[in-house]
Amino acid sequence: MSGFFGVAIPLLWVLPLVAAFVVQFMIRETRRQRQVAIVVAGAVFAIALAMFAINGWLEDFARDDVESGAVFMSLHFHMAVDGLNAMLLPMTAAVALATLISTPRSDLRGNTAARILAIEGTLLASFMALDAALLSLFWVASMMPLWQDSRRSHSRPLHVVMTLSIVATAGALLAALILMAQQGAAAGLAAPLDLLAIARSNVVITPLVGWLFLFVGLLRMGIFPAHLWLTASAWRAPGYSAMPALFTSLGSFGLARVVMPLFPGLCQDVSAPLVIIGAITALYGALLAIGQYDLRRLIGYFWVSQMGLVLTGLATLNAPGVAGGLLQAMSSVVEVSGLMLIALEVEARAGTTDMRLLGGLVRRAPRMATGFFLLSAAAVGFPGTISFVAEDLAIQGLLHQHEVAAGVLLVVTALNGITLFKAFKQTFLGPGSQHAKDLRSFEDLRGWEYRASVAMMVTLLVGGFMPQPLLGVRAGVVDALKQISHDGVVREDMR
Amino acid sequence: MLPDILSAGFALAPVWPAIAAIVITALLLLPRRPSEGVVVGITRAAMWLCFASALCGLLLWFTSGPVDYRVGNWYAAAEYSFPLVLLFDGLSAVMSVFVALMLITTVRFSATYMHNEAGFVRFFLLTLFFAAGMQLLVLGGSVELLFIGWEFVGITSVLLVAFFHERAGPVQAALRVLVTYRVCDIGLLFGGLWLHHWLGTTVWVEAFAHVGEHPGGIAAVGVALALVFAAMGKSAQFPVGGWLPRAMEGPTASSAVFYGSLSVHAGVYLLIRAAPLIEQSLVARLMLIVIGLTTAVMAALSSQVSADAKSAVAYATATQVGLMFVTCGLGFYTLATVHLVAHATLRYYQFLRTPSALQDALWQQAALGRTESDEAAARWEGVALLRRRALYRLALERFAGEAALDRWIARPVMGVSRYLDGLERRFLALHSPNGPAAPLPTMAPDLGLGPEVEA
């Protein structure tokens, strides 16, 4: 392992967390808070990008482990960069950076910047963690800023669903850790919670642990019927700090990191039901999205629908399906975050995201309208974007055994296309409502907002036109995961 | 050597407009917008290069016959790959040249017609994307590549219908076009996937070669019906053709090239291209005949009662396309191809003339003493009064096709959506101290004004 990774891996999650602390407690001036947050997020993005580039160049995404000698109770600081998380790290950092840049200065006063940095740090740590306890700790921590927002919101329904989802997540993860620790210790493992050590040993962990991780993953993805917390937060929570926490691929990542490699038998057993649940979620999300009047709520349901598609792809347990699911999980983050950013920018300028009060904004904000349209096209899998490749692969994977689910997903993509164009039409085209006409000072994307949108689009288009390198990064992961369906044994490693 | 050069030249036909579109997009990102002259110059150059490529294809076909040209894979993931394959045969060579010619004419016409229009650059940008999509559609050697071209044609069509976006009418019409396209595109996707499942390939040449060896039964019927459904949407056939007269909200030049000439015939092209697959299913062929005849009769009547020139020509287009469906259903594919090219040329001219329709009518009146409208009125008077009234009413109502689709499909879907949404909102509001009926309050961002402000 090169020295760079020894420094970069801890830096990637410690830096944003320290910066969050500094911004929250040590800097009072809002302008300075914003500057520090953006500089740190930029640095973290640069480090993540460098890791992605160097790792891909030198090691072909062989794992780079960093193990800490210090073990606190059974917390083992084992982190790594591999094919599964290599792309997620720069992408999460980029979304956090874009969010910070796009947040209006007036909204950063409430230490929103600190929350965004905290979410970034905990998410990056979760993605790199190869220790179950560490993963669980950061998993729960990544939801805490959102919970804190809901607590201060005076919105009891939202606070209740957020509390329930965090309690359920924490409870399930704690129970899973206790069971793992017991069985690992009984089998004589030095680090009973180390995912890699468990995978390499012949220790058989009870499937109940797999069920618990599966539940937590599905809850984090927002799979029906455990989606309420997500759609409610997407609609009503303070947008800029909620967005990076809501629209993350942590849920599907958890399935691919823990459930699929460690519990192959369970995966085979639940493959068909998960395909059905995924297809139902995709259809349910699409159906609810199409009738929405509020742009933010619509995007929340659209995300649910996309996660249904991701789950369906992963649950096929064959190479095209898993590759498609993983790719879709990644591209959805960029697309939905981009759409949400534009929705939040509209909200900041118009005071509402109710589409009945909007319309005709393209005259004042052509860049914003173009950005929304292109991101929508990318999100519904228009040819030439990453989602086209991902959906094509996922549906090809489904065709082997689940033709009906493949048909459902085709209907879902059609519905989602209609939904997003309808939203585009109601928000940006037409004569506009009286409220929209009165918005004489409505301004287009400016400076860095514009650059962030262009960067997102370029990422999606370049990735869509040349998807092979992206698929290559994940090829090792897909090869490892598809072993499950063939021989039902745990792979020696989890690359 | 020569075939290789010609193949490479022909394969570039969709690439030139795409490159030109990217160049114009890049110019738009610069601080100073490109002038009309620059945009037209780039577009014109791309279209002529596209025409030269298409001529290479024609020459190739004359010298070497049909060629299955493989460029490689776009992407591959373990057991699946997306092949980039183009098919050069008589049909695609002729269509490619025809498409290029129509687009050169459109650019020439639009450079003057769109002068000083607010969306000048947007119009040419969309025309370039349309050209790339249309060339890919006619040259695509697999269902997937045809689908990509099909999607580009669809989205540019929608955006051009909504060209005058400041008015409610065009925007609403664009939504209707998009809904029809998206729903009917499921047919093409479904057909492609089922074809892959049935014959193990979606490359036209391979599928045609294997189709005889695998009598498909349900698969053959399913694939053929799915492709027919896709063609119905794009070619505005009953009952999903209500979008065509509404699509006339766009600029005249785009109406001519999309709905008179190229896009509206894309469905017929699909039927001709996939003829060996469609011939496997008698049900699909019967369906083609029934749908084609129904559309032809209904659209002819609706055309006669249309109050504006563009709608009348649009319905007349649907009539002729319906007849092409019938000829495809009967297996006369060569006749359908000739009909397609001849009709597309005539309608293109008619659409371009519609802004001068009143003047043309006056000339007709002066020269002949009567107009086409007079002749149509005389024909209606030949029908018995009661039957005439009923028929007129039905034709005016467009045979209630759209209303039925709205009532039986669109409204129930929206109803289910709103019902489920209501359930969720009520469930969430159960936790509200104000009771289930109270709306979820909007959360203000935590402003945390800081100690210095609080003090």
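Just so it is clear, the model here is predicted, and its values are computed rather than measured.

So, how was this worked out
- Residues numbered from 1 in each chain as written.
- Chains lettered and ligands numbered in written order.
- Predicted model: local features only at pLDDT ≥ 70, side-chain atom pairs only at ≥ 80, totals over all residues.
- Helix = DSSP H or I, 4+ residues; strand = E, 2+ residues; numbered from the N terminus.
- Buried ≥ 20, exposed ≤ 12 C-beta atoms within 10 Å, placed from the backbone.
- Contact = placed C-beta atoms within 7 Å.
- Rg over C-alpha atoms; globule rule 2.2 N^0.38 Å.
- Nonpolar A, V, L, I, M, F, W, Y, C, P; charged D, E, K, R; others polar.
- Core = buried A, V, L, I, M, F, W, Y, C linked by C-beta atoms within 7 Å.
- Domains from an automatic or database assignment.
- Axes fitted to C-alpha atoms, helices over the stretch in contact; angles between N-to-C directions.
- Parallel < 35°, antiparallel > 145°, perpendicular 65-115°, else oblique.
- Left-handed = near helix turned anticlockwise from the far one by under 90°.
- pLDDT = per-residue confidence, 0-100.
- Expected span 1.5 Å × (residues − 1).

> Explanation requested: the overall build of chain B in the structure shown.
For chain B, the helix and strand inventory stands at 21 helices and 2 strands. Along the first, second and third principal axes, the C-alpha atoms of chain B reach 85 × 70 × 55 Å. Burial status across chain B gives 48% buried among its 455 residues. Looking at chain B alone, contacts between residues at least 24 apart form 75% of all its contacts between residues at least 6 apart.

> Explanation requested: the overall build of chain A in the structure shown.
In terms of helices and strands, chain A carries 21 helices and 2 strands. In terms of overall size, chain A behaves like a compact globule, its C-alpha atoms giving a radius of gyration of 21 Å where 495 residues would be expected to give roughly 23 Å. Taking the principal axes of the C-alpha coordinates as reference, chain A spans close to 70 × 55 × 45 Å. Counting across all 495 residues of chain A, residues that qualify as buried make up 65%. Looking at chain A alone, contacts between residues at least 24 apart form 81% of all its contacts between residues at least 6 apart.

> What am I meant to see in the interface of chain B and chain A here?
Accessible area lost upon the coming together of the parts is a frequently used measure of interface size. Each partner contributes to the interface: chain B provides 51 residues, whereas chain A provides 57 residues. Mapped onto the side of chain B that touches chain A, the elements with two or more residues apiece are β1 (67–77), β2 (80–88), α6 (143–161), α7 (168–199) and α20 (401–429) of chain B. Residue contributions to the side of chain B that touches chain A peak at 14 residues, all from α7(B). Partitioned by chemical class, the residues of the side of chain B that touches chain A number 31 nonpolar, 9 polar and 11 charged.

> Where do I start with the nonpolar core in this structure?
Side chains of a nonpolar character, in soluble globular proteins, are inclined to be buried together. In this structure, A:Leu12, A:Leu89, A:Leu117, A:Met128 and B:Leu227 are the most contacted members of the largest nonpolar core, which totals 341 residues. Per-element accounting of this core gives the leading share, 18 residues, to α7(B). Here this core spans two domains, since at least three of its residues come from each of domain 1 (1–141) and domain 2 (168–355) of chain B. Apart from residues no more than four positions distant in its own chain, B:Leu227 is found in contact with B:Gly187, B:Leu188, B:Gly191, B:Leu270, B:Ala274, B:Leu277 and B:Ile278.

> How should the domain arrangement of chain B be read in this particular structure?
Along its sequence, chain B is organised into domain 1 (1–141), domain 2 (168–355) and domain 3 (382–424). For domain 1 of chain B and domain 3 of chain B, the distance between their C-alpha centroids amounts to 40 Å.

> Explanation requested: the packing of helix α11 (residues 252–261) of chain B against helix α16 (residues 333–353) of chain B in the structure shown.
Between two packed helices, the angle of one axis relative to the other and the distance separating the axes together describe the packing. All names here are of chain B. One way to put it is that α11 packs onto α16 with a least axis distance of 8 Å and a crossing angle of 155°. With respect to each other, α11 and α16 are oriented roughly antiparallel. The way α11 lies across α16 gives a crossing that is right-handed. Every residue of α16 that contacts α11 at Thr252, Ser255, Ala256, Val257, Gly260 and Ser261 is listed here: Ala344, Arg347, Tyr348, Gln350, Phe351 and Leu352.

> Which parts of the structure should I look at to understand the confidence of the model for chain B?
Low pLDDT means the predicted atomic positions in that stretch should not be read closely. Residues and elements named next belong to chain B. With 93% of its residues at a pLDDT of 70 or more, chain B shows a mean pLDDT of 88. No element of chain B has a lower mean pLDDT than helix α21 (residues 451–454), which averages 34, and none a higher one than helix α12 (residues 266–273), which averages 96. Across residues 435–455, confidence stays below pLDDT 50; counting only partners more than four residues off in sequence or on other chains, it has 36 contacts.

> Can you walk me through unusual backbone geometry in this structure?
Trans peptide bonds make up the majority, and among non-glycine residues the majority have a negative phi. Following A:Phe224, the chain continues into A:Pro225 via a peptide bond in cis, with omega recorded as 0°. Positionally, A:Pro225 belongs in the loop between α9 (207–221) and α10 (228–236). The residue after B:Phe238, namely B:Pro239, is reached through a cis peptide bond having omega 5°. A positive phi angle, close to 55°, is found at B:Ala236, a residue other than glycine. Residue placement: B:Ala236 occurs in the loop between α9 (218–234) and α10 (243–246). Backbone geometry places B:Ala400, a non-glycine residue, at a positive phi of 55°.

> Would you take a moment to explain the packing of helix α3 (residues 88–102) of chain A against helix α4 (residues 112–128) of chain A for this structure?
All names here are of chain A. The N-to-C vectors of α3 and α4 enclose an angle of 175°; their axes lie 10 Å apart at closest approach. With respect to α4, the axis of α3 lies roughly antiparallel. Residue-level inspection shows Leu88, Leu89, Thr92, Ala93, Ala96, Thr99 and Leu100 of α3 in contact with α4, the latter providing Ala113, Ile116, Glu120, Leu123, Leu124 and Phe127. Taken together, the residues of the contact of α3 with α4 break down into 10 nonpolar, 2 polar and 1 charged.

> Help me understand the confidence of the model for chain A, please; the structure alone is not making it clear to me.
The pLDDT averaged across chain A works out to 87; a share of 91% of its residues lies at or above 70. Across residues 484–495 of chain A, where pLDDT falls below 50, the model places 35 contacts with residues more than four positions away in sequence or in other chains.

> Sorry if this is basic, but what is going on with the environment of B:Val153 here?
Residues and elements named next belong to chain B. Tracing the backbone through its elements, the reader meets valine 153 in helix α6. For the pair formed by valine 153 and leucine 49, sequence separation is 104 residues and the distance between their alpha carbons is 20 Å. Contacts of valine 153, omitting those with residues within four sequence positions, involve Phe130, Gly133, Met134, Leu137, Ser263 and Ala266.

> Where do I start with α10(A) in this structure?
In an α-helix, one full turn covers 3.6 residues, which means residues spaced three or four apart are oriented alike. Most of α10(A) is tucked away, with 9 of its 9 residues classed as buried. Among all positions in α10(A), only A:Leu228, A:Trp229, A:Leu230, A:Thr231, A:Ala232, A:Ser233, A:Ala234, A:Trp235 and A:Arg236 are buried. Lining the buried residues of α10(A) we find α6 (144–152), α7 (156–186), α11 (239–246) and α14 (295–315) of chain A together with α20 of chain B.

> It is not clear to me how helix α19 (residues 385–396) of chain B should be interpreted in this structure. Could you clarify?
In this model α19(B) runs 16 Å from its N-terminal to its C-terminal C-alpha over 12 residues, within 8% of the 16 Å that 1.5 Å per residue would give. By the criterion of burial, α19(B) is predominantly exposed, with just 1 of the 12 residues buried.

> Is there a simple way to think about the environment of B:Ala314 in this case?
All names here are of chain B. With respect to the secondary-structure elements, alanine 314 resides in helix α15 (residues 309–330). For alanine 314, a count of 30 C-beta atoms within 10 Å puts it in the buried group. Residues alanine 314 and alanine 256 lie 58 residues apart in sequence; the distance between their C-alpha atoms is 9.6 Å. The contact partners of alanine 314, leaving out residues within four places of it in the chain, are Leu244, Pro245, Met248 and Tyr259.

> Help me out: how do you make sense of the environment of A:Ser305 in this one?
All names here are of chain A. As for its placement among the helices and strands, serine 305 is situated in helix α14. For serine 305, a count of 30 C-beta atoms within 10 Å puts it in the buried group. Setting aside its immediate chain neighbours within four residues, serine 305 contacts Ala282, Gly285, Ala286, Ala289, Val412 and Asn416.

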